[in-house]
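Residue-level structure breakdown
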Amino acid sequence: MKYDFSGWATRNDLTCSDGRVIKKDAFKHNDGEIVPLVWNHQHNNPDNVLGHAMLENREDGVYAYCEFNDSESGITARKLVEHGDVRSLSIFANQLKESGKNVLHGVIREVSLVLAGANPGAFIESVIAHGADSETGLIIGYDENIMLYHSSDKEDDDKKQGKKEDEKSKKDSSEKENKDNGEKDSDDETVEDVFNSMTEKQKTAAYALIAQAISDKKSDDSEKDDEKKGGNKIMKHNVFDNDDRQQVSKNVICHSDQVDIVKLAKSSQIGSFQTALGIYAEENELQHDAVSGGFVQTGSGNVTELFPEYKDVRPGAPELITSDQGWISVVMSKVHKSPISRIRTSQVDIRNIDSLRAKGYEKGKQKKQAGNFKLVRRTTDPQTVYVKNALHRDDIVDITDFDYVQYLYGIDRMMLNEELATAIMLGDGRDDGDEDKIAPEHIRPIWLDDDLYTIHVDLDVAAAKAELQGSNTGANFGENYVLAEAMINTVLYAREKYKGTGTPDYFCTPHMLNVMLLARDLNGRRIYASKAELASALNVGDIVTAEQFEGKTRTTEDNKTKKLLGIIANLNDYSLGATKGGEVTHFTQFDIDFNQEKSLLETRCSGALTRVYSAIAIEEPVAETNVAG
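Only a predicted model underlies this, so the values are computations on that prediction, with no experimental measurement involved. (Residues numbered from 1 in each chain as written. Predicted model: local features only at pLDDT ≥ 70, side-chain atom pairs only at ≥ 80, totals over all residues. Heavy atoms only, no water.)

**A short note on the overall build of the protein chain**
- Secondary structure assignment for the protein chain yields 14 helices and 25 strands.
- Here the protein chain holds 629 residues, and the buried ones make up 35% of them.
- Sequence-distant contacts in the protein chain: of pairs separated by 6 or more residues, those separated by 24 or more amount to 70%.
- For the protein chain, the accessible area works out to roughly 38400 Å², and carbon and sulfur atoms hold 48% of it. (Helix = DSSP H or I, 4+ residues; strand = E, 2+ residues; numbered from the N terminus. Buried < 20%, exposed > 50% of the residue type's maximum accessible area, 1.4 Å probe, protein only. Contact = heavy atoms within 4.5 Å. Areas by Shrake-Rupley, 256 points an atom, 1.4 Å probe, with all protein chains shown as cover.)

Right, dumping it as structure tokens:
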């Protein structure tokens, strides 16, 4: 084909400035197609179309043979290319299929001359000058890049442009058909021709408009006479505005009306401009909307359009603000579920009993019997734990944005789980004698359990300081580092007495975890890069944070106050028992007298550690300086 210049529209396997890579044969189906040649991807003006380009798919990319048209912009662009002022090609493609950053498929819509590109392999390779030097060629190299348009928004522009072209084509076709039928061109038509082409309805409307115009003309003449006599000027209106101006003249709120509305809004009984405007509109049998020049009646006639309704950011059920719930699901999933609600454990401690030791025999002497040992046994009975609630049927019917009944059930279940998890780990927390208290002899809290089952140890920060640096610890180590080391030492030494199964987890406050993670060495580098590293140092399976542990204290038998810092336990050693029918059950009943839907969520269970020395509670004496959270 005849062409003015050729060059690479794009090359394969080269990274564009936006990070994309065009793969081989991404535009293979465009091979042989002719697309428009435009200036800098401008599609809003026909003057930007410079010519056309024929595409050729090659091993290295897409090659373009381009020809300029004879338009003024095409001639100018030819001179720019021949002179070497413009040296870059770019393509516009859409319907892209990508895998990561790789462009695997697309449709080239046009080729553009651009000042700068994005694909570093694109360049205009040759320019052919027609005429006397038609056989000569000029190779143009350049350092600019090609730009590949990836935005799918361009598809919308193409659709709009296509629609306009279709409409233009239909219009041209219609005009051609009219001419073929002997009709006059619009430029040659007279007023009479136009009027005769109207339907009877249109002619009737035209008669009415002409009559109205004549009437307005007479009125204007009369008004001019009044003005000459010193009368006021009156604004003239378009004939088509006749109905609207009559309506506006009746319903415009003047300045005095606005003053009355403001006074009404300032009154103690009202207190709201919106309410005052509504009252004023009702009293004056008007409904108002905001338009330029005042409040006038409109088609909708709705005063609330002045104050649009609030819209929910997240439609549906209101978002719950709760305390930390993550650890609760961990506790409820890891405790041992037993089909027996009455738990009994039996242990015999034969450690450190000398009389139980095997003895050497001396001939002729009587053999001695082994000593006695003590049986340790305890039983745990179940207790009912419940959450009761009631919903008014009016609310159930009126609330349509979400399922109000299911929403409240979810809250009740969350409260029940949190209460059970708290009773298992920390205890109920209510005072003794409170009728709502979950008794610790029915669901035995790990923290408050007997020393035979839970090892209670104190965090010794002073000993950790002395061990690290003597009395001058602060010169080299921060408080966080000292506390972290003290915690690790305490946990590891306590593990020497631990008799639980498997690998336990460490439950602590979020602050305690952060204190240990922020521990730094002499160079300011953190000792533990992650929670996993810290868990490995503590020799635990996982670290679980619970903000409900914050500030919990207990009083020992010798009247000392201890603050809880963390609990280490394998919850599989804790048995939560419930017989059939005692598991979590949901009851509902409708109260006719009070028109309420009542809900009861209930379980009957018992809980206790079933192995001795199967938990560790790390505490801090309150009398000492608190350094932990």
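So, next bit.
**Remarks on empty space enclosed by the protein**
- Under the counting rule described, the total for this entry stands at two cavities of 30 Å³ or more.
- Around the largest cavity, the lining residues are Leu391, Val405, Leu408, Tyr409, His586, Thr588, Glu597 and Ser599.
- Breaking the lining of the largest cavity down by element, the ones donating at least two residues are α10 (404–425), β23 (585–591) and β24 (596–609).
- The element that contributes the greatest number of residues to the lining of the largest cavity is α10, accounting for three residues.
- Here the lining of the largest cavity is composed, by residue class, of four nonpolar, three polar and one charged.
- Estimated volume of the second largest cavity: approximately 30 Å³.
- Lining the second largest cavity, in full, are Asn12, Ile22, Lys23, Lys24, Asp25, Ala26, Phe27, Asn57, Gly61 and Val62.
- For the lining of the second largest cavity, the per-class residue count stands at four nonpolar, three polar and three charged. (1 Å grid on protein atoms, 1.4 Å probe; cavity = no way out; pocket = protein on both sides within 12 Å on 5 of 7 lines; lining within 4 Å. Points joined across faces, edges and corners; volume = space filled by probe spheres on them. Nonpolar A, V, L, I, M, F, W, Y, C, P; charged D, E, K, R; others polar.)

**Brief notes about the packing of helix α12 (residues 479–494) against helix α13 (residues 510–517)**
- Where α12 meets α13, the axes come as close as 7 Å, and the angle between the chain directions of the two elements is 110°. One way to sum up the angle between α12 and α13 is to call them roughly perpendicular. Only Met512, Val515 and Met516 of α13 make contact with α12, whose side of the interface consists of Asn480, Leu483, Ala484 and Met487.
- In the contact of α12 with α13, the residues fall into six nonpolar, one polar and no charged. (Axes fitted to C-alpha atoms, helices over the stretch in contact; angles between N-to-C directions. Parallel < 35°, antiparallel > 145°, perpendicular 65-115°, else oblique.)

**So, the side chain of Ser6**
- Along the chain, Ser6 turns up in strand β1 (residues 5–11).
- Exposure remark for Ser6: the relative accessible area of 2% places this residue in the buried category.
- Side-chain polar atoms of Ser6 contact the side chain of Tyr63, separated by 3.0 Å. (Polar contact = N/O pair within 3.5 Å; in protein donor to acceptor, adjacent residues only side chain to side chain.)

**Digging into a nonpolar patch on the surface**
- Side chains of Val348, Ile350, Phe373 and Leu375 sit close together on the surface and give an oily, nonpolar patch of about 380 Å² of accessible area.
- With a relative accessible area of 52%, Ile350 lands in the exposed category. (Patch = residues over 30% accessible without salt bridge, like charges linked within 9 Å, V, L, I, M, F, W, Y side chains within 5 Å. Salt bridge = Lys/Arg side-chain N within 4 Å of Asp/Glu carboxyl O.)

**Some details on the pattern of salt bridges**
- With the rule as written, the count across this model stands at 15 salt bridges.
- With its nearest N and O atoms 2.6 Å apart, the salt bridge here joins Lys334 to Asp505. Here the residue Lys334 occupies a position in helix α8 (residues 326–334), and Asp505 occupies one in strand β18 (residues 505–508), the gap between them amounting to 171 residues.
- Classification of Lys334 by relative accessible area gives partly exposed; the value is 36%.
- Residue Asp505 is classed as buried on the basis of its relative accessible area of 8%.
- Between Asp449 and Arg378 there is a salt bridge, with the nearest N and O atoms lying 2.9 Å from each other. Residue Asp449 is located in the loop between α10 and β17 (454–458), and its partner Arg378 is located in strand β15 (residues 375–380); the two are separated by 71 residues in the primary sequence.
- Overall, Asp449 belongs to the buried group, its relative accessible area being 8%.

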